[in-house]
Amino acid sequence: MPSGDALRVLITTEFYLPFQCGVTTAVLNEIKALEVLGDEVRVLTIGNNKHSFWDEEKKCWYIRSNFPSLYKDSYASLALQDKILEEVYQWKPDVIHSQSEFFSFLFASKVSKKLGVPIVHTCHTDFVSYAIHFTRFVRVWNFFAQFVVPFLIRKASRVICSSDKIYDLIKSYRIKQPIDRIMIGLDLDKFNKTLSKEERRSIREKFGFTDNEIVFVSICRLSKEKSVDQVLSLFSNLDIPSSKLIFIGGGEERENLEREVEAQDLKDRVVFGGEVLGSEVWKYYKIGEIYIGASLSETQCLSYVEAMASGMPLLVKDDPVLKGYLINDRNGMIYNSLDDFVLKAGILASSPELRAKMGDEARKTVSRFSLSIFGEKLKKSFDSAIRGRNNG
């Protein structure tokens, strides 16, 4: 198919609506970016249901779950003979964009083989970081990460990575397929919106924050690999008058965090805002002064980039994934130890001028992550995969 033609793109993923996570956001951003370019996009995922079905509103096939789940809020299926796949075959996608190496990749492979269309695979996950969820089956997990994941990825025609960190991970798999480095795409218009003073004050008052308080914000899934326990621990060491911390998001670690807050007598300083609608999340980046993070499992820095697009200075743990995103002491700050964190948190908290300057620089940095640029780069990768398959 000639470059530039409209494509039918099938996205396969383990995580999709109604579940909210970074992969879900990445898929939604991709759909928006490709549809602007005239492509037709549909999704195939695994649902929490004993029957497969098509959701017209979400443009998604939900394959029935028939296998024990490996990870909370994700579902597993080996229903590779399900009749609903006939609908996928009849739709005849031009290319399959796989976003997960788990069970949904098996469906991507089946559709690819049946229709003779290429798979382009995006690596989102640093599997070593997720081993903490499988301590009872660590040998099985290590086998999966070291042998099964590379085996599946080799079935793709091309591979996409969004950071140097994930590029190095892919290379460690000894992948020979072409690797396209494509930074994540972001709906910048959403995060560039202005939150009125009245609404900002209203949201802050809902959580008990006054106008003169310094609010540290963490927006992510409350799970072990996000190191949210470290975020709480770091914040508990701050001696900054009128400082507060808010966690936005849900997850299995919330109860543990709440118990720790109770044990450390931090209930007056730490707030749990819970999950918010994807359409509303931009507001919560704008209610605070500093974005805080401690995760070393990031592969695409989505929440960091969203915070930057919102004009928030970052204060995050040093990690190779930050290369290309964060310029230390210019659009945010990196810390390497508790003392380093305490020092830099104090500097940011005491200087509204510095926060504003870094916030402006952060907005400039992420301007290159627009959906239009993202969509064009994806199209090039897809076109190359299609030409390679046709010429092969």
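Scroll up for the structure.
To keep things clear, this report deals only with the structure shown in the data block.

Conventions and cut-offs
Residues numbered from 1 in each chain as written. Predicted model: local features only at pLDDT ≥ 70, side-chain atom pairs only at ≥ 80, totals over all residues. Heavy atoms only, no water. Helix = DSSP H or I, 4+ residues; strand = E, 2+ residues; numbered from the N terminus. Rg over C-alpha atoms; globule rule 2.2 N^0.38 Å. Buried < 20%, exposed > 50% of the residue type's maximum accessible area, 1.4 Å probe, protein only. Contact = heavy atoms within 4.5 Å. Areas by Shrake-Rupley, 256 points an atom, 1.4 Å probe, with all protein chains shown as cover. Expected span 1.5 Å × (residues − 1). Phe/Tyr/Trp six-rings, centres within 6.5 Å; stacked < 30°, edge-to-face > 60°. Pairing = 2+ DSSP bridges. 1 Å grid on protein atoms, 1.4 Å probe; cavity = no way out; pocket = protein on both sides within 12 Å on 5 of 7 lines; lining within 4 Å. Points joined across faces, edges and corners; volume = space filled by probe spheres on them. Nonpolar A, V, L, I, M, F, W, Y, C, P; charged D, E, K, R; others polar. Axes fitted to C-alpha atoms, helices over the stretch in contact; angles between N-to-C directions. Right-handed = clockwise from strand over helix to strand, strands pointing away. Parallel < 35°, antiparallel > 145°, perpendicular 65-115°, else oblique. Salt bridge = Lys/Arg side-chain N within 4 Å of Asp/Glu carboxyl O.

## So, the overall build of the protein
(1) Moving on: Counting its regular elements, the protein contains 14 helices and 14 strands.
(2) Moving on: What you see for the protein is a C-alpha radius of gyration of 21 Å, in line with the 21 Å of a compact globule of 392 residues.
(3) Moving on: With the principal axes as the frame, the protein shows a C-alpha extent of 65 × 45 × 40 Å.
(4) Moving on: The buried share of the protein, taken over its 392 residues, is 57%.
(5) Moving on: Look at the contacts in the protein between residues 6 or more apart in sequence, and 67% of them connect residues 24 or more apart.
(6) Moving on: Split by element, the accessible area of the protein, about 17800 Å² in all, is 51% carbon and sulfur.

## Quick word on helix H1 (residues 22–36)
(1) Moving on: A rise of 1.5 Å per residue sets the reference length of H1, with its 15 residues, at 21 Å; its end C-alpha atoms lie 21 Å apart and thus fit the reference within 8%.
(2) Moving on: Of the residues making up H1, those classed as buried are Val23, Thr24, Thr25, Ala26, Val27, Asn29, Glu30, Ile31, Ala33 and Leu34.
(3) Moving on: Immediately beyond the C-terminal end of H1, within one or two residues, lies Gly38, with a positive phi of roughly 95°.

## Notes on the packing of aromatic side chains
(1) Moving on: Going through the model one piece at a time under the given rule, you end up with 14 aromatic pairs.
(2) Moving on: Consider the rings of Tyr325 and Phe369, whose centres lie 5.3 Å apart with planes at 40°: the pair is tilted. Pair noted here: Tyr325 is in the loop between strand E13 (314–317) and strand E14 (332–335) and Phe369 is in the loop between helix H13 (352–366) and helix H14 (371–391), with a separation of 44 residues, a long-range link. For the pair Tyr325 and Phe369, one class covers both residues: buried.
(3) Moving on: Relative to Phe341, the ring of Tyr335 has its centre 5.1 Å away and its plane inclined at 75°; by these criteria the two rings are edge-to-face.

## Details of the pairing of strand E4 (residues 60–63)
(1) Moving on: Of the two faces of E4, both are covered, the one formed by Cys60 and Tyr62 as well as the one formed by Trp61 and Ile63.
(2) Moving on: The pairing of strand E2 (residues 40–46) with E4 spans 4 bridges and is classified as parallel. Bridge pairing in E4 links Ile46 to Ile63.
(3) Moving on: Bridge count between strand E3 (residues 53–55) and E4: 3 bridges; the pairing is antiparallel. When the sheet's bridge partners are listed, Phe53 is paired in E4 with Tyr62.

## Focus: the layout of surface pockets
(1) Moving on: What the second largest pocket holds in volume is close to 610 Å³.
(2) Moving on: In terms of lining, the second largest pocket is formed by 28 residues, of which the most central are Arg200, Lys286, Gly288, Glu289 and Arg363.
(3) Moving on: Looking at the lining of the second largest pocket element by element, the count peaks at 6 residues for H13.
(4) Moving on: Among the residues making up the lining of the second largest pocket, the classes are represented as 9 nonpolar, 7 polar and 12 charged.

## Notes on the sheet that holds strand E8 (residues 179–181)
(1) Moving on: Within the open sheet, the 8 strands sit side by side as E3-E4-E2-E1-E5-E6-E7-E8. Their pairing is mixed. Looking at the sheet topology across the chains shown, the edges are occupied by E3 and E8. Within the sheet, the average angular offset between the axes of one strand and its neighbour, ignoring direction, is 25°.
(2) Moving on: Looking at chain direction, strand E7 (residues 158–161) and E8 are connected through 3 bridges and run parallel. Each residue of the ladder has a partner; that of Cys161, found in E8, is Arg181.

## A few points about the environment of Phe103
(1) Moving on: Relative to the helices and strands, Phe103 is located in helix H3 (residues 103–115).
(2) Moving on: Separated by 36 residues in sequence, Phe103 and Phe67 place their C-alpha atoms 9.7 Å apart.

## Regarding the pairing of strand E6 (residues 119–122)
(1) Moving on: Covered by surrounding structure in E6 are Ile119 and His121 together with Val120 and Thr122, the residues of both alternating faces.
(2) Moving on: Examined bridge by bridge, strand E5 (residues 95–98) and E6 share 3 bridges and lie parallel to one another. Bridged to His97 within E6 is Val120.
(3) Moving on: Remark: the E5/H3/E6 crossover connection has right-handed handedness.
(4) Moving on: Pairing geometry for E6 and E7, over 3 bridges, is parallel. Note that in E7 the partner of Val120 across the bridge is Arg158.

## What about the packing of H1 against H14?
(1) Moving on: One way to put it is that H1 packs onto H14 with a least axis distance of 8 Å and a crossing angle of 85°. As summarised for this structure, H1 and H14 are arranged roughly perpendicular, according to the angle between their axes. Facing H1, whose interface residues are Asn29, Glu30, Lys32, Ala33 and Leu34, H14 presents Leu371, Phe374, Gly375, Leu378, Lys379 and Phe382.

## A look at the environment of Ala79
(1) Moving on: Relative to the helices and strands, Ala79 is located in the loop between E4 and helix H2 (85–91).
(2) Moving on: Since its relative accessible area comes to 4%, Ala79 is described here as buried.
(3) Moving on: Look past the residues within four positions of Ala79 in its chain and what remains in contact with it is Ile63, Arg64, Asn66, Leu85 and Phe107.

## A word on the pattern of salt bridges
(1) Moving on: Enumeration over the complete set of coordinates arrives at 25 salt bridges.
(2) Moving on: Asp164 is the partner of Arg181 in a salt bridge, and the nearest nitrogen-oxygen pair spans 2.6 Å. Separated by 17 residues along the polypeptide, Arg181 in strand E8 and Asp164 in helix H5 (residues 164–172) bring together distant segments of the chain.
(3) Moving on: Using a relative accessible area of 25% as the deciding quantity, one classes Asp164 as partly exposed.
(4) Moving on: When the shortest N-O distance is used, the salt bridge between Glu280 and Lys283 registers 2.9 Å.
(5) Moving on: In this structure Glu280 comes out as partly exposed when scored by relative accessible area, which is 29%.
(6) Moving on: Since its relative accessible area comes to 12%, Lys283 is described here as buried.

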